Structure formats: C-alpha cells, structure tokens
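Here is what each chain is made of, one letter per residue.
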2 protein chains.
Amino acid sequence: MALAEETPEKHCWVCFATERDDHSAEWVSPCRCKGCTKWIHQACLQRWLDEKQKGNSGGSVSCPQCGTQYHIVFPKMGPVVYFLQQVDRALSRISPFAAVGVVVGTVYWSAVTYGAVTVMQVVGHKKGLYVMERADPLFLLMGLPTIPVVLVLGKMIRWEDYLVRLWQRYSYKRKLPPGSSRYLPRVPVDGPNSGDHLSVSRTLCGALIFPSIASLVGRLLFRRTSSNLQRTILGGIAFVLIKGVLKVYFKQQQYVSQANRQILNYPERSGGGQTDGSDDTEDSGNE
Amino acid sequence: MALAEETPEKHCWVCFATERDDHSAEWVSPCRCKGCTKWIHQACLQRWLDEKQKGNSGGSVSCPQCGTQYHIVFPKMGPVVYFLQQVDRALSRISPFAAVGVVVGTVYWSAVTYGAVTVMQVVGHKKGLYVMERADPLFLLMGLPTIPVVLVLGKMIRWEDYLVRLWQRYSYKRKLPPGSSRYLPRVPVDGPNSGDHLSVSRTLCGALIFPSIASLVGRLLFRRTSSNLQRTILGGIAFVLIKGVLKVYFKQQQYVSQANRQILNYPERSGGGQTDGSDDTEDSGNE
C-alpha cells in the first residue's frame, strides 16, 4: 500500500466524485479537516449549506467534523445597495418601537377622549365643553387621561375586604361559648380576601363605567340637587356605600357558609335518601 | 379471632383516634369504603378537604381509595345572598366581554381619529373640517375608520416581490451561455419572496405614516399643484413608485449577491492570508 504523499487524489465528501470525474468542477477545502473529508466541490458545499441554513441566509455554518466555521464571502455590492441595506435594517430595528408607540398613542388618545366625556358627564355637557375650552391645552392633555387612571386605581382599593376581615375578627372574639359540645366551626382556608382574585377585566370595566353609574344614581336619588357636579358626586358616594355594604354582607355570608359546610354520609342503599352528617351511627357495620 | 359483626369500633383514618378517645367527636362515612377507611372525623375530613381544594372552595373532591365524590352541603343562604351571588356571577361572566368591548372601542375610536386627521392632512385643514362637518355622521363613523384599514391592507400588497420574481425569470432565460466552463450560479433557497417575512409592526407603521409621507413628498415635488388633494395624491404615487423601484433593485441585488456567494479555503498557515475559493489546488497534500 504505497501512500501518494504529494497530491492524493481529491474526492468530494458529498457526491464522492473525484478529480478525474469532472475536470471543470471547482474544489474547496473550507475547514481544518484532513484526509478524505478535506475536499468538497464548491457546488456541493453550496447545496449542503442551503440545507443547513434552511432559509436563514445570514446564518453561520460550521464543519460537522472539525467545527471550523465556514468563511462565506459575498460579492461586493455598490454604495447604493449598501445604503438601502442600512435603511432597511434601521427600519426593521425602529418598527417595533414605532408599533409600541402606536399602541401607546391609541390608549392615550382613548384615555383623553374618555376623560373629556367624563368631564361633560359629571359637570354637564355645555358647562363641560365651556370649562375645557377655557382650560390650558397642556393641562387638558395631561389631566384628562389621568381621569380613567385614577378611576382604575381607586377601584383597586379593596376597602370592603378590610371591613370583612375586621368583622370576622370581632365576631370570633364574641362567638366562643365556653365548653361547647361540638367542634368549633372551622376557619375556611380561602377567606374572603383570597376568595375572589382581583380580575383585571372586572376592575377595568367597573372603573370605566363608574361615572355613568354615579350620574345615574345621582339623578335617581338626588333629584333636588340642581348642580350637576354635586349630584353626580353624591350619586357616586351613595353607590359606593351601598355597594360596599352589600359586598361586605355578601362576603361575610359566604364566609359563614364556608365555615359551616358539612360532608354527608354516603347513602349505602341506592333507594335510601341522603343521610345527614350528624347521623353518624346509621348503617354502620351492616355487612 | 371472633369478628364483631354488629358494630366494629370506629377509628378515624386521618388522626387514628377511636370512638373511645373522644366521645363528643362527630363521625362521618362519606364514601363507599368499608373496613378501616370507612370512618373519619368530620373535623379531620374538613381539614383534609381544605388541603385538597387548595383555595378553590367550590372544587369537588373524591375519596382517594374508592373514588366516590364527597357530598358537601352548605347551610342555606337567604334570598338576598342568593341574589347577590347571581349578580356577582353575572358580572364575572360579562366582564371579559366588556373588556374586549373596551379594547375594540379604543381601537375604533383611534381609527376614527386617525381617519379624520388624515382627511384634514390630505385635503387641507380647513377644507377637511368643512367636508366632515357637512357629511352624514353615520357615514363619517363608518368611513373614517376604514381609512387606516385600507392603508394597512394596501401596504400588505407586495407588488415589488412580484416584479422581482418576473425579473428573475427573465434574467435566467437570458443568462444561459451554452457550454459554460463554470458551474451555473446557484439559485438561493431563500429567494426574495421569503427573504423578508411580512413584519406586522413594519406593515402597520408604514401604512399609518404613509399619508404624512405622501403629503411631504407632494409638497417637495409638486409645488405648483394648487389643490391640496391632488398634490398629496401625486406625492403618494411618486413615493410608492420611487420606493418600489428601489426595493426591486435592492432585492434583485441581494438575490444576485446570494447567488454568487463563495466559500473560501481554510487558511492552512496561521500567517497566510485568506485564500481564494477558485484557487483550488493551493496547499493540497502538503502534509
């Protein structure tokens, strides 16, 4: 076995053709590999790269054997193409921020509009327009969008939960009959605080509809008040108080209901009705 | 071993206490289980249920042994609590739809505003206001938001890609020298069509800024046109044409560049420079 040391015949590790098979083919040795994986046809390597890059023409590819990254060169492009490429890249880089700006602008503009509508609703249509026309535009552009923000933030203050907790603490101290025969009513693990999680959609909608409700309640309950602003404010306060009382009562009742839940005995006979949990000796050991 | 058939002593499968340990404890047999897992303290089962439900007080729990679902009863609540519960549930069910409505309303209102601003930009501020004030409000509320929609849809028509493909088909037919010595330039797998994917943010921003650009180009190129509308339309057409030509040229150049990429030989000596790919016999077999 005489090894030809000078120039061992090239053969392509993709198509297995040798130099003799195609004299015109272009050869390349793109990596550190020696021996039988040293040489490859330029065209075969191009096809193989296309497979590897899978549509990402800018991706770098390395030799699977020695790990050398292939050095791919592209023909030089003119200054016009270079300039267009830079513009294209800049636009691609800017556009996400611009899109965020569009979204923020949309939300902001809707908040401004909502604020203006709310002002007209609270102080009356004509007076609202008059007030806003005379106000500083900068003040309006800053002040109007804060109206929905303040409404949402205000809606997030859950003072009813605080009252429910206070009530529970008070009622526990009272309800401790000494030497009671039964087990104490249990303390539910999901108290009223964690019970209804803060729903984003409900908070948002509740906050945004609040001025309309306040105006409505004001018109229903405080017809004698002539000032639109006063009437709406009174209506809002009345609505918040009524709703708060109902909510505290409801949560307390839910808590009591949870605390006094019972697990029933399994009805052993299919014809038999539900047996009460306290009836604990029934059907025991009838097998 | 005499098995007491009548009443085998109860013992709780949670705390292992028997009836003798605590006579006052309440017992329950909540499932189909017999024998040593038949009985459990009501209080122990309550604690175990709390563990199983983990805060979801409405969830159903089954016996881990026999799979029977426990029958949990709550004390009856008054009609007021029932009513409040129904209201609470209805609000929870409605609020996601209402939130979607808020989002849709926000987008719609911004589209209306954008449409109005665009009309004023295209036909001039005063004339735009005059036209919109005299138009049917319903027509405005329907027509103005379609302006941004039409702009975005128009931006999504990629006529430049079509032109690039036409150009490539034409240039391939021309560039086929018979019996060329080299391999044909390869056809890049990611042609100009799939090259830049349709970016949502870029389409949106490009569409929304188009009227401003059209107005600007119109003012720069068609100063003599007195009509605001005509000038902006001419500016828009000019901008689209110029941009289209540049884009087609850029994409074609990118395609040519991709088609003519070369993978270079690996420089064998550390001091040696990059060897050209066509120089395919250099350094071969010098080991």
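All figures in this text were calculated on a predicted structure; none of them were measured in a lab.

A. Spotlight on the overall build of chain A. For chain A, the helix and strand inventory stands at 8 helices and 4 strands. For chain A, the N- to C-terminal ordering of α and β elements is β-β-α-β-α-α-α-α-α-α-α-β. Across the 287 residues that make up chain A, the buried fraction comes to 36%. If you take every contact in chain A between residues at least 6 apart in sequence, the share linking residues at least 24 apart comes to 54%. Per element, the accessible surface of chain A, about 18,200 Å² overall, is 64% carbon and sulfur.

B. Seen up close, the domain arrangement of chain A. Each domain of chain A was delimited in the assignment, giving domain 1 (10-74), domain 2 (75-147) and domain 3 (157-171 + 197-263). Using C-alpha coordinates to define each centre, domain 1 of chain A is positioned 53 Å away from domain 2 of chain A.

C. Focus on the pattern of salt bridges. Under the criterion given, the structure shown has 9 salt bridges over all chains. The partner of lysine 10 of chain A in a salt bridge is glutamate 19 of chain A, and the shortest N-O contact between them spans 3.9 Å. The buried category is assigned to lysine 10 of chain A, whose relative accessible area is 3%. Ionic pairing is found between arginine 202 of chain B and aspartate 88 of chain A, a salt bridge with its closest N-O pair at 2.9 Å. Residue arginine 202 of chain B is found in helix α7 (residues 200-221), and its partner aspartate 88 of chain A is found in helix α2 (residues 79-123); the two belong to separate chains.

D. The arrangement of the UniProt feature "transmembrane region" (unreviewed entry) in chain A in detail. The sites that UniProt annotates as "transmembrane region" (unreviewed entry) are residues 97-117, 138-157 and 200-221 of chain A. With 95% helix and 0% strand, residues 138-157 of chain A has its two end C-alpha atoms placed 29 Å apart.

E. Geometry of the nonpolar core. If you look at the biggest cluster of nonpolar residues, it comprises 17 residues, and the most contacted ones within it are Ile40, Leu45, Trp48, Leu49 and Tyr70 of chain A together with Ile263 of chain B. Of all the elements in the fold, those that place two or more residues in this core are β1 (27-28) and α1 (42-53) of chain A. For this core, the element with the most residues is α1 of chain A, which contributes 4 residues.

F. Geometry of the environment of valine 107 of chain A. Residues and elements named next belong to chain A. With respect to the element layout, valine 107 can be found in helix α2. The partly exposed category is assigned to valine 107, whose relative accessible area is 49%. For the pair valine 107 and glutamate 26, spaced 81 residues apart in the sequence, the C-alpha separation amounts to 60 Å.

G. Inspection of helix α8 (residues 228-259) of chain B at higher detail. With 32 residues, α8 of chain B extends 46 Å from end C-alpha to end C-alpha; this agrees with the ideal 46 Å at 1.5 Å per step. Between a side-chain oxygen at the N-terminus of α8 of chain B and the backbone nitrogen of leucine 229 of chain B the separation is 3.3 Å; the capping residue is serine 227 of chain B.

H. Focus on the confidence of the model for chain A. Residues and elements named next belong to chain A. Averaged over chain A, the pLDDT score is 80; the fraction of residues at 70 or greater is 80%. Across residues 179-184, where pLDDT falls below 50, the model places 7 contacts with residues more than four positions away in sequence or in other chains. Per the prediction output, this complex has pTM 0.71; the corresponding ipTM is 0.70.

I. Structural context of the packing of aromatic side chains. Residues and elements named next belong to chain A. In this structure the tally under the stated criterion is 6 aromatic pairs over all chains. Look at phenylalanine 210 and phenylalanine 239: their rings are 6.1 Å apart centre to centre, the planes differ by 40°, and that puts the pair in the tilted class. With a gap of 29 residues between them, phenylalanine 210 in helix α7 (residues 200-221) and phenylalanine 239 in helix α8 (residues 228-259) connect regions that are remote in the sequence. Among the residues examined, phenylalanine 210 registers a relative accessible area of 24% and is labelled partly exposed. Taken together through their ring pairs, the aromatic side chains of Trp13, Trp48 and Tyr70 make up a single cluster. When the ring centre of tryptophan 39 is taken as reference, the NZ or CZ atom of lysine 10 above it lies at 4.3 Å.

J. Structural detail: a nonpolar patch on the surface. Residues and elements named next belong to chain A. A cluster of nonpolar side chains, contributed by Ile157, Trp159, Tyr162, Leu163, Leu166, Leu229, Ile233, Ile237, Val240 and Leu241, occupies part of the molecular surface with about 900 Å² of accessible area. Contributing elements (two or more residues each) for the nonpolar patch: α5 (159-174) and α8. With respect to the helices, strands and loops of the structure, tyrosine 162 is situated in helix α5. Judged by relative accessible area, which is 52%, tyrosine 162 ranks as exposed.

K. Expanded view of the packing of α2 of chain A against α7 of chain A. All names here are of chain A. Where α2 contacts α7, the two axes come as close as 10 Å, and the packing angle between them is 15°. Here α2 is positioned roughly parallel relative to α7, judged by the angle of their axes. In terms of crossing hand, the pair formed by α2 and α7 is left-handed. Along its contact with α2, which presents Tyr114, Thr118 and Gln121, the element α7 presents Ala207, Leu208, Ile209, Pro211, Ser212 and Ser215. The residue makeup of the contact of α2 with α7, split by class, is 5 nonpolar, 4 polar and no charged.

L. Quick peek at the state of the cysteines. Applying the stated rule across the entire model yields 0 disulfides over all chains. Residue cysteine 63 of chain A stays outside any disulfide, its sulfur separated by 3.6 Å from that of cysteine 31 of chain A, the closest cysteine. Residue classification places cysteine 63 of chain A among the buried residues on the basis of a relative accessible area of 5%. Summary of cysteine pairing: cysteine 33 of chain B is not part of a disulfide, and the nearest cysteine sulfur, belonging to cysteine 31 of chain B, is at 3.6 Å.

M. Layout of the environment of tryptophan 48 of chain B. Residues and elements named next belong to chain B. Positionally, tryptophan 48 belongs in helix α1 (residues 42-53). For the pair tryptophan 48 and arginine 169, spaced 121 residues apart in sequence, the C-alpha separation works out to 74 Å. Setting aside anything within four residues of it in sequence, one finds tryptophan 48 in contact with Trp13, Val61, Ser62, Pro64 and Tyr70.

N. Here's a closer look at the packing of α2 of chain A against α8 of chain B. Between α2 of chain A and α8 of chain B, the shortest axis-to-axis distance is 10 Å and the interhelical angle comes to 105°. Looking at the two axes, α2 of chain A sits roughly perpendicular to α8 of chain B. Two secondary-structure elements touch here, α2 of chain A through Val80, Val81, Leu84, Gln85 and Asp88 of chain A and α8 of chain B through Leu246, Tyr249, Phe250 and Gln253 of chain B. Counted by class, the contact of α2 of chain A with α8 of chain B contains 6 nonpolar, 2 polar and 1 charged residues.

O. Inspection of unusual backbone geometry at higher detail. A positive phi angle, close to 65°, is found at phenylalanine 16 of chain A, a residue other than glycine. Tracing the sequence through the fold places phenylalanine 16 of chain A in the segment before β1.

P. Highlighting the environment of proline 64 of chain B. Residues and elements named next belong to chain B. Here proline 64 lies in the loop between α1 and β3 (72-73). The exposed category is assigned to proline 64, whose relative accessible area is 56%. Residues proline 64 and cysteine 31 lie 33 residues apart in sequence; the distance between their C-alpha atoms is 10.0 Å. Not counting the four nearest positions on each side in its chain, proline 64 is found in contact with Trp48 and Tyr70.

The rules we used
- Residues numbered from 1 in each chain as written.
- Chains lettered and ligands numbered in written order.
- Predicted model: local features only at pLDDT ≥ 70, side-chain atom pairs only at ≥ 80, totals over all residues.
- Heavy atoms only, no water.
- Helix = DSSP H or I, 4+ residues; strand = E, 2+ residues; numbered from the N terminus.
- Buried < 20%, exposed > 50% of the residue type's maximum accessible area, 1.4 Å probe, protein only.
- Contact = heavy atoms within 4.5 Å.
- Areas by Shrake-Rupley, 256 points an atom, 1.4 Å probe, with all protein chains shown as cover.
- Domains from an automatic or database assignment.
- Salt bridge = Lys/Arg side-chain N within 4 Å of Asp/Glu carboxyl O.
- UniProt positions renumbered as here; feature names shortened; annotations may be inferred.
- Core = buried A, V, L, I, M, F, W, Y, C linked by side-chain atoms within 4.5 Å.
- Expected span 1.5 Å × (residues − 1).
- Polar contact = N/O pair within 3.5 Å; in protein donor to acceptor, adjacent residues only side chain to side chain.
- pLDDT = per-residue confidence, 0-100.
- Phe/Tyr/Trp six-rings, centres within 6.5 Å; stacked < 30°, edge-to-face > 60°.
- Lys NZ or Arg CZ within 6 Å of the ring centre and 35° of its normal.
- Patch = residues over 30% accessible without salt bridge, like charges linked within 9 Å, V, L, I, M, F, W, Y side chains within 5 Å.
- Axes fitted to C-alpha atoms, helices over the stretch in contact; angles between N-to-C directions.
- Parallel < 35°, antiparallel > 145°, perpendicular 65-115°, else oblique.
- Left-handed = near helix turned anticlockwise from the far one by under 90°.
- Nonpolar A, V, L, I, M, F, W, Y, C, P; charged D, E, K, R; others polar.
- Disulfide = S-S within 2.5 Å.

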